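This is what each chain is made of:
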Amino acid sequence: MEKTKKKTIIAVSFVILVTILLHFSGWLSPLENRIKNILNMGVGYIYKFNLNVNEQQNQTLVCPDLQTELNKLKIDKAKLAIIEEENKQLRDQLNFFENKQIKHTGAQVIGRDFEPFSSSIILNKGLKDGVQEGNPVVASGGVLVGKIIKSEDTTSVVRLINDNQSRIAGTLTNKDTSIGLVEGGYGISVHMNLIPQNETINIGDTVITSGLEAGIPRGLLIGTVESVEKEPYQPFQKAILQPLSNLNKLFLVSVITQVDED
Amino acid sequence: MKRIIKFISFLFSTFLIFFLHSFIFLALPFPFYQINLVFIVVVLMVIWYEAGWVVWYAFLLFLLLDFYSALPFGITLFSGTMSALIIFYLYLNIFTNKSWYGVLALAFLGLIVFRFIYIILIFLDSLIFGKEFGIISQDLFRLISWEIFLTVATLGIIFILLTKFTKRLNSIMIKT
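Since the structure is predicted, the reported quantities are computational estimates derived from the model, not experimental observations.

Colleague: Quick rundown of the overall build of chain A? Include the residues and the values.
Modeller: Along its length, chain A carries three helices and twelve strands. Taking all 262 residues of chain A together, 46% fall into the buried category. Long-range contacts, defined as pairs at least 24 residues apart, comprise 56% of the intrachain contacts of chain A with a sequence gap of at least 6. By element, 56% of the accessible surface of chain A is carried by carbon and sulfur atoms, the whole surface being about 13,900 Å².

Colleague: Describe the pairing of strand 4 (residues 143–151) of chain A, naming the residues involved and giving the relevant values.
Modeller: Residues and elements named next belong to chain A. Burial analysis of strand 4 places eight of its nine residues in the buried class, the great majority of the element. As judged from the four bridges shared by strand 3 (residues 136–139) and strand 4, these two strands associate in the antiparallel manner. By the bridge assignment for strand 4, Val137 is matched with Gly146. Sheet topology note: the strand 4/strand 5 (residues 156–160) ladder contains five bridges and is antiparallel. Each bridged residue has a counterpart across the sheet, and for Lys150 the counterpart in strand 5 is Val157.

Colleague: Residue-level account of helix 1 (residues 2–25) of chain A, with values.
Modeller: All names here are of chain A. The first and last C-alpha atoms of helix 1 sit 34 Å apart over 24 residues, in line with the 34 Å expected at 1.5 Å per residue. For helix 1, the full list of buried residues reads Lys5, Val12, Ser13, Ile16, Thr19, Ile20 and His23. Taken from the residues just after helix 1, Gly26 is the one with a positive phi, measuring 90°.

Colleague: Explain the UniProt feature "transmembrane region" (unreviewed entry) in chain B residue by residue, including any values.
Modeller: Residues and elements named next belong to chain B. UniProt annotation of "transmembrane region" (unreviewed entry) refers to residues 7–26, 32–49, 77–94, 101–124 and 144–163 when read in the numbering used here. Structurally, residues 32–49 comprises 72% helix and 0% strand, and the distance from its first C-alpha atom to its last is 28 Å. For residues 101–124, the end-to-end C-alpha separation is 34 Å, with 100% helix and 0% strand making up the annotated structure.

Colleague: Which residues make up the side chain of Asn36 of chain B, and what values do they have?
Modeller: Residues and elements named next belong to chain B. The residue Asn36 is located in the loop between helix 1 (2–27) and helix 2 (37–49) in this model. Of note is the side chain of Asn36, whose polar atom sits 3.2 Å from the side chain of Glu147. Setting aside residues no more than four positions away along its own chain, Asn36 makes contact with His21, Leu111, Phe114, Arg115, Glu147 and Thr151.

Colleague: Describe the environment of Val145 of chain A, with residues and values.
Modeller: Residues and elements named next belong to chain A. The residue Val145 is located in strand 4 in this model. A relative accessible area of 0% places Val145 in the buried class. The spacing of Val145 and Leu160 is 15 residues in sequence and 5.6 Å in space, taken between C-alpha atoms. The contact partners of Val145, leaving out residues within four places of it in the chain, are Val137, Val138, Ala139, Arg159, Leu160, Ile161, Ser245, Leu247, Leu250 and Val253.

Colleague: Which residues make up the side chain of Arg112 of chain A, and what values do they have?
Modeller: With respect to the helices and strands, the residue Arg112 of chain A is situated in strand 1 (residues 102–112). A distance of 3.4 Å separates polar atoms of two side chains, one belonging to Arg112 of chain A and the other to Ser119 of chain A. Excluding its chain neighbours within four sequence positions, the residues that come into contact with Arg112 of chain A are Tyr47, Ser119, Ser120, Ile121, Ile122, Leu160, Leu247 and Asn248 of chain A together with Leu26 and Tyr68 of chain B.

Colleague: Now, about the domain arrangement of chain A: what can you tell me, with residues and values included?
Modeller: All names here are of chain A. When cut into domains, chain A gives domain 1 (1–99) and domain 2 (101–259). Contacts between the two partners involve 20 residues from domain 1, matched on the other side by 26 residues from domain 2. Roughly 1,900 Å² is buried in total at the junction of domain 1 and domain 2, and carbon and sulfur atoms are behind 60% of that figure. Counting every contact that joins domain 1 to domain 2 gives one salt bridge.

Colleague: A description of the UniProt feature "transmembrane region" (unreviewed entry) in chain A should follow, citing residues and the corresponding values.
Modeller: Within this numbering scheme, the UniProt entry marks residues 9–28 of chain A as carrying the feature "transmembrane region" (unreviewed entry). Helix makes up 85% of residues 9–28 of chain A and strand 0%, with an end-to-end C-alpha separation of 23 Å.

Colleague: Residues and numbers for the interface of chain A and chain B, please.
Modeller: At the junction of the two partners, chain A supplies 43 residues and chain B supplies 45 residues. At the surface where chain A touches chain B, the tally comes to zero salt bridges. Inspection of the region where chain A meets chain B yields five residue pairs in polar contact (both at pLDDT 80 or more). Among the secondary structure elements, those contributing two or more residues to the side of chain A that touches chain B are helix 1, helix 2 (29–57), strand 2 (120–123) and strand 4 of chain A. Across the side of chain A that touches chain B, the residue classes tally to 23 nonpolar, twelve polar and eight charged.

Colleague: Let's hear about the nonpolar core: which residues, and what values?
Modeller: Residues Leu123 and Leu250 of chain A together with Val43 and Phe62 of chain B are the most contacted members of the largest nonpolar core, which totals 112 residues. Excluding residues within four positions of it along the chain, Leu123 of chain A makes contact with Ala107, Gln108, Val109, Ile110, Ile148, Thr154, Thr155, Ser156, Val158, Val253 and Val255 of chain A.

Colleague: Tell me what's going on with the pairing of strand 6 (residues 167–172) of chain A, and back it up with residues and numbers.
Modeller: Residues and elements named next belong to chain A. Among the six residues of strand 6, six are classified as buried, and the element is accordingly described as predominantly covered. Neither face of strand 6 is exposed, since Arg167, Ala169 and Thr171 on one face and Ile168, Gly170 and Leu172 on the opposite face are all buried. Pairing of strand 6 with strand 7 (residues 179–185), which is carried by five bridges, proceeds in the antiparallel orientation. Note that in strand 7 the partner of Ala169 across the bridge is Leu181. Across three bridges, strand 6 lies against strand 9 (residues 206–209) in antiparallel orientation. Within strand 9, the position partnered with Leu172 by the bridge is Val207.

Colleague: Before we move on, could you go through the packing of helix 4 (residues 75–93) of chain B against helix 5 (residues 100–128) of chain B and cite the residues and values that matter?
Modeller: Residue and element names in this part refer to chain B. Between helix 4 and helix 5, whose axes approach to 8 Å, the crossing angle comes to 150°. Accordingly, the angle class assigned to the pair helix 4 and helix 5 is roughly antiparallel. Relative to helix 5, helix 4 is oriented so that their crossing is right-handed. The residues of helix 5 that touch helix 4, namely those facing Ile75, Thr76, Phe78, Ser79, Gly80, Met82, Ser83, Ile86, Ile87, Leu90 and Tyr91, are Leu106, Leu109, Gly110, Val113, Phe114, Ile117, Tyr118, Leu121 and Ile122. Split into classes, the residues belonging to the contact of helix 4 with helix 5 amount to 15 nonpolar, five polar and no charged.

Procedures and definitions
Sequence positions are assigned chain by chain, starting from 1 and proceeding in written order. By the order in which they are written, chains take letters starting at A while ligands take numbers starting at 1. pLDDT decides what is reported in this predicted model: residues at 70 or higher carry local features, side-chain atom pairs at 80 or more are listed and counted, and totals for whole chains, interfaces and linings draw on all residues regardless. Side-chain metrics in this entry use all non-hydrogen atoms of the structure; hydrogen atoms and water are not considered. By definition, any uninterrupted DSSP run of H or I lasting at least four residues is a helix, any uninterrupted run of E lasting at least two residues is a strand, and each is numbered from the N terminus. Burial classes follow relative accessibility: with a 1.4 Å probe on protein chains only, a residue under 20% of its type's maximum area counts as buried, one over 50% as exposed, and anything between as partly exposed. It only takes one pair of heavy atoms within 4.5 Å for two residues to be counted as in contact. Note on areas: these come from Shrake-Rupley sampling with a 1.4 Å probe, and a residue is covered only by the protein chains present in the view. By the convention used here, strands pair only if DSSP detects at least 2 bridges between them. One less than the residue count of a helix, multiplied by 1.5 Å, gives the span that helix is expected to have. UniProt positions are given in the numbering used here, feature names are shortened, and annotations may be inferred rather than shown by experiment. Counting of polar contacts relies on pairs of N or O atoms within 3.5 Å, with two restrictions inside protein: one atom must be capable of donating a hydrogen and the other of accepting it, and residues adjacent in sequence are counted only when both atoms are side-chain atoms. Note that the domain bounds reflect an automated or database-derived domain assignment. Buried area, as used here, totals the accessible surface that two parts lose on assembly, with accessibility defined by a 1.4 Å probe and the loss added over both. We define a salt bridge as a contact between a side-chain nitrogen of Lys or Arg and a carboxyl oxygen of Asp or Glu at a distance within 4 Å. We call Asp, Glu, Lys and Arg charged. Ala, Val, Leu, Ile, Met, Phe, Trp, Tyr, Cys and Pro are nonpolar, and the rest, Gly among them, are polar. Residues belong to a common nonpolar core when they are buried Ala, Val, Leu, Ile, Met, Phe, Trp, Tyr or Cys residues joined through side-chain atoms within 4.5 Å. Each axis is a line fitted through C-alpha atoms, and for a helix only the stretch in contact is used; angles between axes span 0 to 180 degrees, taken between their N-to-C directions. Throughout this description, any angle smaller than 35 degrees is read as roughly parallel, any larger than 145 degrees as roughly antiparallel, any in the 65 to 115 degree range as roughly perpendicular, and the remainder as oblique. Two helices crossing with the near one rotated counterclockwise from the far one by less than a right angle form a left-handed crossing, whereas a clockwise rotation gives a right-handed crossing.

Next comes the structure, spelled out in structure tokens:
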């Protein structure tokens, strides 16, 4: 019995290891892509459905007699609101990229990753569209939402700024132009660390990317300061940030694929 | 013909479970999106079928989940499949009586093993590839606790409901 157990454990481990090797060697890609295409359709639909439901929940009920009519109108209104929002986002993104030496590609959010301890989204653009690991991702108005951490042929994964593994070099727009590290906290919070104690931070100050990281241009908006944590015995102070983009309702984004350093 | 129908229903159920899991994750608010439906299905299938192929079915489900993971490929797959195998052995050797508390204990231990292997693999990944290991914190344990509590509670409700409709999960009906 013990021997059989050992053999089974070894067999299962072997199959998993072979699968992982086949994945990283790329031999599994054709099959993976086909399965993902099927899954993406369903996950994309669920993601969009969820956005639609959230939009409807924001509207209140007025007259019970006109329930059906009202529900239909609410659905239409929610659809219209989504289209309007998409339109606004696209216009904002176009305005942001105008007159800038930045190569970018527009992408649609087709889902989120299913890890409960991380905060990432999946885009419908990948290596074939020039999307590579480390590329910054912005929402409307040039608001940074995250960085590409995984890029495959037709899809890519974005680690959002509120993920606990996210680290982005940021600058405060205060008089000291303080530099710090913007970090996330399990999808719940975003904070800026490593700000020297002697520098002044005001509530409402804007945080932008510092440009110190390769591939991330200076000046992308990140968030505004909501509160400051300052302990006299600590060498650094910490600013709690309010992201400028709703990270739970992202639908259209742009991936910055190349930044002209001039 | 029977085999073809079985194969189609097998594929259909796999995709259905995956989409239901994604629906829970994408549509429910915190902390309810922490309910691990795939894990609930694996535990119920182990008890229902009492067969080793359930571990391979778990392999397939966790493989699909791994396609949607921001973590390096293989972490979810390995930790999920191994915990399914451990659940299967625990069921065959320790929690054999199909009682509701046995099922809950099985899910509880299985989830702990799952998250333990998961964290160890993330740690090894950061150690080997020189990445920052920033996952351990108070928040992580809070989230894991929510996941265990809600998954075990949901499984308990589903199990009790199932025992009302079928004798297969009844503790009197154990095969000897």
